[in-house]
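Residue-level structure breakdown
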Amino acid sequence: MKQVTASGQTVKDAVQSALVQLNTSEDQVDIEVIEEGKKGMLGLFGSKRAIVKVTVKENPIEQAALYLKEIAQAFSADVVVTTTLENQSVTFELSGEKIAMIIGKRGQTLNALQHIVQVMLNRQSAIRYRVVVDAEEYRSRRKATLEQLATRLADKAIKTKKSVTLEPMPSYERKVIHSALQQLPGVETFSDGQEPNRHVVIKPVKK
Amino acid sequence: MEALITSIVAPLVDYPEDVHVEVKEEQNKLVFHLIVNEQDVGKVIGKNGRIAKSIRTIVYAAGTDTKKRIYLDIM
């Protein structure tokens, strides 16, 4: 954490000098006034210099990116984290050599990383963010796979006239299935069970 | 490995300086005991153990290149 204590004739002067030392601007820092400063008689006697403590505010998203990088380096040393911020949603893109290790079986390691980073980021920041951790386009590839799976299983449900139960998935993967089949006539979808075993059921509907 | 666990856990708790990891080697497994401040136990475990589960997933995945099985105990 970067912080300096600076003094000046007035609080304003002190803050200014601190900002110069930290090479930053006023909206990037927290200011704590330690001594108000007094103008003495004729500016000579009993004058007190103002003292302030200025701390550079940490950017929580940058912190989270560093945190993610630190963990990801346990898997592959050359990992690169790219951050994109869109409204309340932060996407961290991982790329590097042994990226398959970071994704894990059915993305379980990636999902765990995403969860941990989200918890960490929302602890640090005042605004709530939604975190997406992606690696080598995994999320969009997974989405395509899930949509394929959904249409295939919906066919099966219609043919056999029986409900098809999918394996448990996290909420955003279930959402992909639901929205893929929303427009399809002949089936309806709903989720059943309690987290973390909540899963989609595809049910054929009578015409 | 201890460093990884500490760096995962430290930013999640209120008392990062109280985060310790102890290693116990048993026959076919390595057991890591994660010790945090009493007040932070809930933060490491999370709702329905979700955070604990995520930490374990990451640690186990990172430990696949070691020969022994890895366990993570949170206390």
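Going by what an unreviewed UniProt entry lists, chain B is known as RNA-binding protein KhpA and is assigned to Halolactibacillus alkaliphilus. UniProt's Sequence similarities (unreviewed entry) comment on chain B is quoted here verbatim: "Belongs to the KhpA RNA-binding protein family." Check the Subcellular location (unreviewed entry) section of the UniProt entry for chain B; it says "Cytoplasm".

Under an unreviewed UniProt entry, the name given to chain A is RNA-binding protein KhpB, and the organism recorded is Halolactibacillus alkaliphilus. Among the UniProt annotations of chain A, the heading Sequence similarities (unreviewed entry) holds the following wording: "Belongs to the KhpB RNA-binding protein family."

A few points about the overall build of chain A
The helix and strand tally for chain A stands at 6 helices and 9 strands. Since a compact globule built from 207 residues should have a radius of gyration of about 17 Å, the 27 Å found for chain A marks it as more spread out than a globular shape. Reported as C-alpha extents along the three principal axes, the dimensions of chain A are approximately 95 × 40 × 25 Å. The proportion of buried residues among the 207 residues of chain A is 37%. Partitioning the contacts of chain A with sequence separation of at least 6, the portion at a separation of at least 24 is 55%. Within chain A, one finds 30 positive and 24 negative side-chain charges whose respective centroids are separated by 9 Å.

Quick word on the interface of chain B and chain A
At the junction of the two partners, chain B supplies 18 residues and chain A supplies 17 residues. Between chain B and chain A the total buried area reaches about 1,500 Å² when both faces are included, carbon and sulfur atoms providing 69% of it. Across the chain B-chain A interface, the total number found is 1 salt bridge. Residue B:D14 pairs with A:R123 through a salt bridge whose shortest N-O separation is 3.1 Å. Run the count over chain B and chain A and you get 6 residue pairs in polar contact (both at pLDDT 80 or more). Residue assignment for the side of chain B that touches chain A shows that the elements contributing at least two residues are α1 (2-9) and α3 (50-62) of chain B.

Topic: the domain arrangement of chain A
All names here are of chain A. What the domain assignment lists for chain A is domain 1 (3-56), domain 2 (60-136) and domain 3 (141-204). The C-alpha centroid of domain 3 is placed 27 Å from the C-alpha centroid of domain 2. Contact residues are listed per partner, giving 4 residues for domain 2 and 6 residues for domain 3. For the domain 2 and domain 3 pair, buried surface summed over both sides reaches about 420 Å², with 28% attributable to carbon and sulfur atoms. At the boundary of domain 2 with domain 3, the tally comes to 1 salt bridge. Here R106 makes a salt bridge to E167, at a shortest N to O gap of 3.3 Å. For the interface between domain 2 and domain 3, the tally reads 3 residue pairs in polar contact (both at pLDDT 80 or more). When its residues are assigned to classes, the side of domain 2 that touches domain 3 shows no nonpolar, 2 polar and 2 charged.

Description of the UniProt feature "domain: R3H" (unreviewed entry) in chain A
Within the UniProt annotation, "domain: R3H" (unreviewed entry) is assigned to residues 140-206 of chain A. Helix makes up 48% of residues 140-206 of chain A and strand 21%, with an end-to-end C-alpha separation of 33 Å.

Details of helix α1 (residues 11-22) of chain A
Residues and elements named next belong to chain A. The end-to-end C-alpha distance of α1 is 16 Å, a good match for the 16 Å that 12 residues give at a rise of 1.5 Å each. Every buried residue belonging to α1 is among A14, V15, A18, L19 and L22, and all of these are buried. Taken end-on, α1 shows its buried residues confined to a sector of 135 degrees, consistent with a single buried face. Away from its buried face, by an angle of more than 90 degrees, α1 presents the exposed residues K12, V20 and Q21.

Quick word on unusual backbone geometry
All names here are of chain A. Its identity as a non-glycine residue notwithstanding, N87 has a phi of 50 degrees, on the positive side. The phi torsion at K161 lies on the positive side, around 55 degrees, for a residue other than glycine. Structurally, the position occupied by K161 is in the loop between α5 (138-160) and β7 (164-165).

Here is what the cut-offs are and how they apply
Residues numbered from 1 in each chain as written. Chains lettered and ligands numbered in written order. Predicted model: local features only at pLDDT ≥ 70, side-chain atom pairs only at ≥ 80, totals over all residues. Heavy atoms only, no water. UniProt positions renumbered as here; feature names shortened; annotations may be inferred. Helix = DSSP H or I, 4+ residues; strand = E, 2+ residues; numbered from the N terminus. Rg over C-alpha atoms; globule rule 2.2 N^0.38 Å. Buried < 20%, exposed > 50% of the residue type's maximum accessible area, 1.4 Å probe, protein only. Contact = heavy atoms within 4.5 Å. Lys, Arg positive; Asp, Glu negative; His and termini not counted. Charge placed at Lys NZ, Arg CZ, Asp CG, Glu CD. Buried area = accessible area lost by both parts, 1.4 Å probe. Salt bridge = Lys/Arg side-chain N within 4 Å of Asp/Glu carboxyl O. Polar contact = N/O pair within 3.5 Å; in protein donor to acceptor, adjacent residues only side chain to side chain. Domains from an automatic or database assignment. Nonpolar A, V, L, I, M, F, W, Y, C, P; charged D, E, K, R; others polar. Expected span 1.5 Å × (residues − 1). Arc of directions from axis to C-beta.

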